[in-house]
Amino acid sequence: MSNDYKLFIREVLLSTGELTREAVIYYDGYEYYDSAPLGATIGLKETQSQNYSNNKCVMELSLKKDIINLTQAKFDKEVGKKFDSQTSTAFSLAYLKLLAHKKGFNEKEIFKYISLEYKKTISSPKIICNVLSGGKHAYNNLAFCEFMIIPKGINTRQNIQIVSEVYSDLKSLIKNELGENHLILGREGSFSPLISSVEEAISLLDRAICKRNQDKCFIAIDIAANNFTKKSDENQFEYIVNKKNYTTNTLIKYYSYLIDKYPSIKYLEDPLHENDIKGWQNLFNKIGDKILIVADDLTVSKLLNLKKYKKCFNACILKINQSGDFTEFIKAYNYCIKNNIQTIISQRSGETDSNIITHIVVGLGGHYLKAGAPARERIIKYNELLRIT
């Protein structure tokens, strides 16, 4: 291989119509590139994207001696010195692809390289599919953010078929019971009917499941409680759900009620404000043996937060652009595995046409892939999963 190379940044579209950055490494006649997604629900601990990823920084990086002959960890460290998390994520993933190619793996075999390089066992993950939206992902008055399903199929093909059928049956239910004007799609391609009752949303989803896939799915809910916290200070939190005020304790009781009423609910993500730590611990002690209590805003894919709050949850969302690069992401992932925390490798609500997270979850043998609705741009991740597992 030659030593001719070039690093640069270009802008590409997100699924939301916004722009994000795509990092490109041109080397030996090939372009290795990837891009960073952008979320709508952003935790207080999450680093915000900045616009200082300019051409001067890229030039300085390009001129650094042997920049494309570094290990992943050393490359990520150099990138992290110069760029915000969006741009460092994009460069880190582009470099991951370059390293894979150097080892003889093509773009459809990135998962094999990851498995080999990080000594993991390849496996097909369970999928968590968003089919009905509220909160900041929708245009209705639902407090909770995502109403999802986890199919119980024996392989990827069965799981995708179940997801496709439930999505279609939910569309029919909404059209027949609420009217065509409720067939609105949210940020991730899931339906966002103009309703405000959490229980009405769960009922719609439960009945859609029962049409053709009774007992073949669990229900998962991304609550995103930061978004409906009315008052928060060090000692007291107030929440508004279904136009009712809840304290931490009464909201925990409400969750227990929902789980009793709908036994298929096995997953609650960000059920309380990220600073309501005592509430998290109380909730986990009460129902953590029954369902997955999932941290996202609480931990934002950072190793430090995982260690600090590990007694609050038994599953964790991992997003590469929160970690800032692949090296930090791997550190967070390995900590979860070592401590028996279920890993959920996730997209963002504003997505690109990259399929890299599918390769990452398969190559690492991760527990779950969370990739949005089985529609629009989200099918990129699901179709790649069908191809490689």
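Sequence order as written defines the numbering, with residues in each chain counted from 1. Totals for whole chains, interfaces and linings use every residue, but because this is a predicted model, local features are given only for residues with pLDDT of at least 70 and side-chain atom pairs only at 80 or more, for both listing and counting. Here the side-chain values reflect all heavy atoms present in the structure, with hydrogen atoms and water set aside.

A. Seen up close, the side chain of Ser 92. In DSSP terms, a helix is any run of H or I states spanning at least four residues, a strand is any run of E spanning at least two, and both are numbered starting from the N terminus. Structurally, the position occupied by Ser 92 is in helix α3 (residues 85–102). Among the polar contacts listed, one links the side chain of Ser 92 to the side chain of Asp 76, at a separation of 2.8 Å. Only 2.9 Å separates the side chain of Ser 92 from the backbone nitrogen of Phe 326, close enough to count as a polar contact. Whether two residues touch is decided by their heavy atoms; if any such pair falls within 4.5 Å, the residues are in contact. Here Ser 92 is in contact with Gln 72, Phe 75, Asp 76, Asp 325 and Phe 326, once residues within four sequence places are set aside. Within 3.5 Å is the distance limit for a polar contact, defined as a pair of N or O atoms, with the added protein rule that one can donate a hydrogen and the other accept it, and that residues adjacent in sequence qualify only through two side-chain atoms.

B. Fine view of helix α5 (residues 156–177). Working rule for helices: expected span equals 1.5 Å times residues minus one. The end-to-end C-alpha distance of α5, which contains 22 residues, comes to 31 Å, matching closely the 32 Å that a straight helix rising 1.5 Å per residue would cover. When accessible area is computed with a 1.4 Å probe and restricted to protein chains, residues below 20% of their type maximum are described as buried, those above 50% as exposed, and intermediate ones as partly exposed. Those residues of α5 lying buried are Thr 156, Asn 159, Ile 160, Ile 162, Val 163, Glu 165, Val 166, Tyr 167, Asp 169, Leu 170, Leu 173 and Ile 174. In the core, the buried residues of α5 are packed alongside β4 (126–133), β5 (146–151), α6 (198–212), β6 (217–222) and α13 (379–388). One side-chain oxygen of the residue at the start of α5 lies 3.3 Å from the amide nitrogen of Arg 157, identifying that residue as Asn 155. A positive backbone phi angle near 110 degrees is found at Gly 179, which sits one or two residues after α5.

C. Region of interest: the environment of Ile 357. The residue Ile 357 is located in helix α12 (residues 356–364) in this model. Relative accessible area serves as the criterion here: at 10%, Ile 357 is assigned to the buried category. Placed 264 residues apart in sequence, Ile 357 and Leu 93 show a C-alpha to C-alpha distance of 9.8 Å. Ignoring sequence-local partners within four residues, the contact set of Ile 357 consists of Ile 320, Ile 345, Ser 346, Gln 347, Leu 369, Lys 370 and Lys 381.

D. Local environment of unusual backbone geometry. Of note, Lys 119 is a non-glycine position whose phi angle comes to about 55 degrees, a positive value. Tracing the chain through its elements places Lys 119 in the loop between α4 (110–117) and β4. Residue Lys 119 is classed as exposed on the basis of its relative accessible area of 73%. Despite not being glycine, Asp 215 shows a phi value in the positive range, around 65 degrees. With respect to the helices and strands, the residue Asp 215 is situated in the loop between α6 and β6. A residue is classified by how much of its surface remains accessible, and Asp 215, at 61% relative accessible area, is exposed.

E. Focus on empty space enclosed by the protein. With a 1 Å grid spanning the protein atoms alone, the term cavity applies to any set of points in which a 1.4 Å probe fits but cannot get out, the term pocket to an open set with protein on both sides within 12 Å along at least five of seven lines, and the term lining residue to any residue with an atom within 4 Å of a point. Grid points are joined across faces, edges and corners, and a volume is the space filled by probe spheres set on the points. Taken as a whole and assessed by the stated rule, the structure comprises 2 cavities of 30 Å³ or more. Counted as a void, the largest cavity has a volume near 120 Å³. Within the residue set of the lining of the largest cavity, elements represented by two or more residues are β3 (30–35), α3, α10 (320–323) and α12. Partitioned by chemical class, the residues of the lining of the largest cavity number 5 nonpolar, 7 polar and 5 charged. The classification used treats Ala, Val, Leu, Ile, Met, Phe, Trp, Tyr, Cys and Pro as nonpolar, Asp, Glu, Lys and Arg as charged, and all other residues, Gly among them, as polar.

F. Fine view of the sheet that holds strand β11 (residues 292–295). At least two DSSP bridges between two strands are needed for those strands to be called paired. Reading around the barrel, the 8 strands line up as β4-β5-β6-β10-β11-β12-β13-β14 and close back on themselves, with mixed pairing between neighbours. Geometrically, the sheet is characterised by an average inter-axis angle of 25 degrees between neighbouring strands, direction not taken into account. Pairing analysis gives 4 bridges linking β6 to strand β10 (residues 265–269), with the strands arranged parallel. The residue bridging Ile 221 from the neighbouring strand is Leu 268, located in β10. Whenever a helix is involved, its axis is fitted only over the stretch in contact; in every case the axis is a line through C-alpha atoms, and angles between N-to-C directions fall within 0 to 180 degrees. Lying over the sheet, α6 contacts β4, β5, β6 and β10, oriented at roughly 25 degrees with respect to β5.

G. Focus on the pattern of salt bridges. For salt bridges, the criterion is a side-chain nitrogen of Lys or Arg within 4 Å of an Asp or Glu carboxyl oxygen. What the rule picks out here adds up to 21 salt bridges. With its nearest N and O atoms 3.6 Å apart, the salt bridge here joins Lys 175 to Glu 180. Take Lys 175: its relative accessible area is 40%, and that puts it in the partly exposed class. A network of salt bridges, in which partner residues are shared, links Glu 146, Asp 222, Glu 269 and Lys 370.

H. The sheet that holds β3, seen in detail. Taking strand neighbours across the sheet as the criterion, the 3 strands line up as β1-β2-β3 in an open arrangement whose pairing is antiparallel. At either margin of the open sheet sits one strand with a lone partner, and together these are β1 (5–13) and β3. Between one strand axis and the next, the sheet turns through 25 degrees on average, direction left out of account. Relative to β3, strand β2 (residues 19–27) runs antiparallel, the two sharing 6 bridges. The residue of β3 that forms the bridge with Val 24 is Tyr 33. Sheet contacts for α3: β1, β2 and β3; angle to β2, the most-contacted strand, approximately 30 degrees.

I. Representation of the layout of surface pockets within the structure. The calculated volume of the largest pocket comes to roughly 540 Å³. Along the wall of the largest pocket there are 21 residues; nearest its centre are Glu 31, Tyr 33, Lys 97, Glu 107 and Asn 355. Contributions of two or more residues to the lining of the largest pocket are made by β3, α3, α12 and α13. With 6 residues, the top contributor of residues to the lining of the largest pocket is β3.

J. Focus on the side chain of Glu 188. With respect to the element layout, Glu 188 can be found in the loop between α5 and α6. Side chain to side chain, Glu 188 and Asn 130 meet in a polar contact 3.1 Å long. Ignoring any residue separated from it by four or fewer positions in sequence, one finds Glu 188 in contact with Asn 130, His 137, Glu 146, Gln 347, Arg 348, Ser 349, Gly 372, Ala 373, Arg 376 and Arg 378.

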